[in-house]
Amino acid sequence: MIIVQLKGLLGNQMHQYALGKVLAMKNHTQLKIDPVNFLNDATKRNYLRPFIPDLREITAADQKLFFSRSLLSRIKRKTLRKKITIVNEAQNIEFKDYVLQLNGDIYLNGYWQSEKYLSQFEREIRQEFSVKIKPDKPNAELAVDIAKSNSVSIHFRRGDFVSNPEVNKLFGVLGFDYYKKSIDLITSRIHSPKFYVFSNEPEWVRKNFKIDYPTVYVDLNPEENRNYEDMRLMSLCKHNIIANSSFSWWAAWLNTNFEKIVIAPKIWFSAEPNLDTSDLVPNAWLRI
């Protein structure tokens, strides 16, 4: 069995689940998630369900078998030859190849933010993260518009990046200069672009971000389904300008356009501007 501890918001949970899925496929075993961080937060606990309706959580019996220190549980583990390997990700964000070689019962605790974990099973992971809920009419119509245009998504990550002092210190908020340079670069490479702007604070972006190109400010979805609907729409765009955010990272990664241009920020963590993030951002993406 592979057990993945979920933490963070949707993009982080997708990285965690994806590595668990890869190990489960490699080891021909089942995958379960541990929602221990979200026992009192049903929204975050269910972020993955629009993608994976049959998402399975660990049970009380699983907890008892693998983690109980009672004499009976220890005897049962010994009899069944059950021992779980707990893998805690190191502080750095480098890809750890040894993780992909693990077998047996495994408990994963980390973020695992690298495309390199997915390389053997890209097709399966893309299928896993296709939204299984049919879009409503406004989302379906916008998807058609995106498909008909030379579409470029732009993602502004705000929310806790602005309001939470600790998160703000770690990540910071990308300035308009980054987006201007990204737009200049992408418009030098493609013809007749149409930009689709996404954010968890869409009204703020509409008021404060203006460009001299055809632009759609996407504000179709209420908070309860914005995550998966916006990610689906962003992934349908032909090109992507992402924030220092795992949410838009996944939208760009799920984009299946073979000629896509993806632009990502050079500095992912403002608290550590010199940190090597080459394992985090795919080599084919451009960085500004």
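The structure this text deals with has already been given above.
Overview of the structure. (Residues numbered from 1 in each chain as written. Predicted model: local features only at pLDDT ≥ 70, side-chain atom pairs only at ≥ 80, totals over all residues. Heavy atoms only, no water.)

On to the overall build of the chain, then. Per the secondary structure count, the chain includes 12 helices and 10 strands. Here the chain holds 288 residues, and the buried ones make up 49% of them. Long-range pairs, those at least 24 residues apart, make up 64% of the contacts in the chain with a sequence separation of at least 6. Counting only carbon and sulfur atoms, one obtains 51% of the accessible surface of the chain, whose full area is about 14800 Å². (Helix = DSSP H or I, 4+ residues; strand = E, 2+ residues; numbered from the N terminus. Buried < 20%, exposed > 50% of the residue type's maximum accessible area, 1.4 Å probe, protein only. Contact = heavy atoms within 4.5 Å. Areas by Shrake-Rupley, 256 points an atom, 1.4 Å probe, with all protein chains shown as cover.)

Soluble globular proteins tend to bury their nonpolar side chains together. Judged by nonpolar contacts, the single largest core of 57 residues is most densely connected at L48, L108, F129, M231, W250 and W285. The element that contributes the greatest number of residues to this core is helix α1 (residues 10–27), accounting for eight residues. Once residues lying within four places of it in the same chain are set aside, the contact partners of M231 are L10, M14, F51, R226, F247, W250, A251 and L254. Ranked by size, the runner-up nonpolar core spans 17 residues in total, among them I154, F156, I183 and I263. (Core = buried A, V, L, I, M, F, W, Y, C linked by side-chain atoms within 4.5 Å.)

Moving on, we come to unusual backbone geometry. Non-glycine residue H28 carries a positive phi angle of around 55°. Mapped onto the elements, H28 comes out in the loop between α1 and β2 (31–34). Non-glycine residue W112 carries a positive phi angle of around 55°. Within the element layout of this structure, W112 appears in the loop between β4 (105–109) and α5 (122–128). In this structure W112 comes out as buried when scored by relative accessible area, which is 1%.

What follows covers helix α9 (residues 176–187). Across its 12 residues, α9 extends 16 Å between first and last C-alpha, which sits within 8% of the 16 Å expected from 1.5 Å per residue. Three or more residues of α9 are buried, namely Y178, Y179, S182, I183, I186 and T187. Each buried residue of α9 lies within a common arc of 150° when the element is viewed along its axis, so the set occupies one face. As for α9, its buried residues are in contact with β5 (150–156), β6 (193–199), β8 (239–241) and β9 (262–264). (Expected span 1.5 Å × (residues − 1). Arc of directions from axis to C-beta.)

The tally for this structure, following the rule as stated, stands at 17 aromatic pairs. Taken together, a centroid distance of 5.0 Å and an interplanar angle of 75° make the contact between F129 and W250 edge-to-face. On the criterion of sequence distance, the pair formed by F129 in the loop between α5 and α6 (137–148) and W250 in helix α12 (residues 246–254) is long-range, its members being 121 residues apart. Overall, the relative accessible area of 3% leaves F129 in the buried class. Judged by centre distance (5.7 Å) and plane angle (55°), the rings of W249 and W285 are tilted. With W249 in helix α12 and W285 in the loop between β9 and β10 (286–287), this residue pair connects regions lying 36 residues apart in the sequence. Owing to a relative accessible area of 8%, W285 belongs among the buried residues under this scheme. Pairwise contacts between aromatic rings join Y17, F51, F129, W249, W250, W253 and W285 into one cluster. Of note, R126 hangs over the ring of W253, and the distance from its end group to the ring centre comes to 3.9 Å. (Phe/Tyr/Trp six-rings, centres within 6.5 Å; stacked < 30°, edge-to-face > 60°. Lys NZ or Arg CZ within 6 Å of the ring centre and 35° of its normal.)

Quick look at α12 now. Among the nine residues that make up α12, nine are buried, leaving the element largely enclosed by the rest of the structure. For α12, every residue scored as buried is listed here: S246, F247, S248, W249, W250, A251, A252, W253 and L254. As for α12, its buried residues are in contact with α1, α5, β5, α11 (223–236), β8 and β9.

In this section: the pairing of β2. Residues L31 and I33 of β2 are buried on one face, and the alternating residues K32 and D34, pointing to the opposite face, are buried as well. Sheet topology places strand β1 (residues 2–5) next to β2; four bridges connect them, and they run parallel. Opposite Q5, over in β2, you have D34 as the bridge partner. For the crossover from β1 across α1 to β2, the handedness is right-handed. (Pairing = 2+ DSSP bridges. Right-handed = clockwise from strand over helix to strand, strands pointing away.)

Let's shift gears to the layout of surface pockets. Its volume calculated, the second largest pocket comes out at about 250 Å³. No other element matches α11, which puts four residues into the lining of the second largest pocket. In terms of residue class, the lining of the second largest pocket is made up of seven nonpolar, five polar and three charged. (1 Å grid on protein atoms, 1.4 Å probe; cavity = no way out; pocket = protein on both sides within 12 Å on 5 of 7 lines; lining within 4 Å. Points joined across faces, edges and corners; volume = space filled by probe spheres on them. Nonpolar A, V, L, I, M, F, W, Y, C, P; charged D, E, K, R; others polar.)

Using the criterion set out here, one finds 14 salt bridges in the structure. Notably, a salt bridge pairs E122 with R126, separated by 3.4 Å at the nearest N-O pair. With E122 and R126 both in helix α5, this residue pair falls four residues apart, about one helical turn. Residue class for E122 comes out partly exposed when judged on its relative accessible area of 27%. Its relative accessible area of 23% is what places R126 among the partly exposed residues. Each of the salt bridges in this network shares a partner with another, and the network as a whole consists of R45, R49 and E57. (Salt bridge = Lys/Arg side-chain N within 4 Å of Asp/Glu carboxyl O.)

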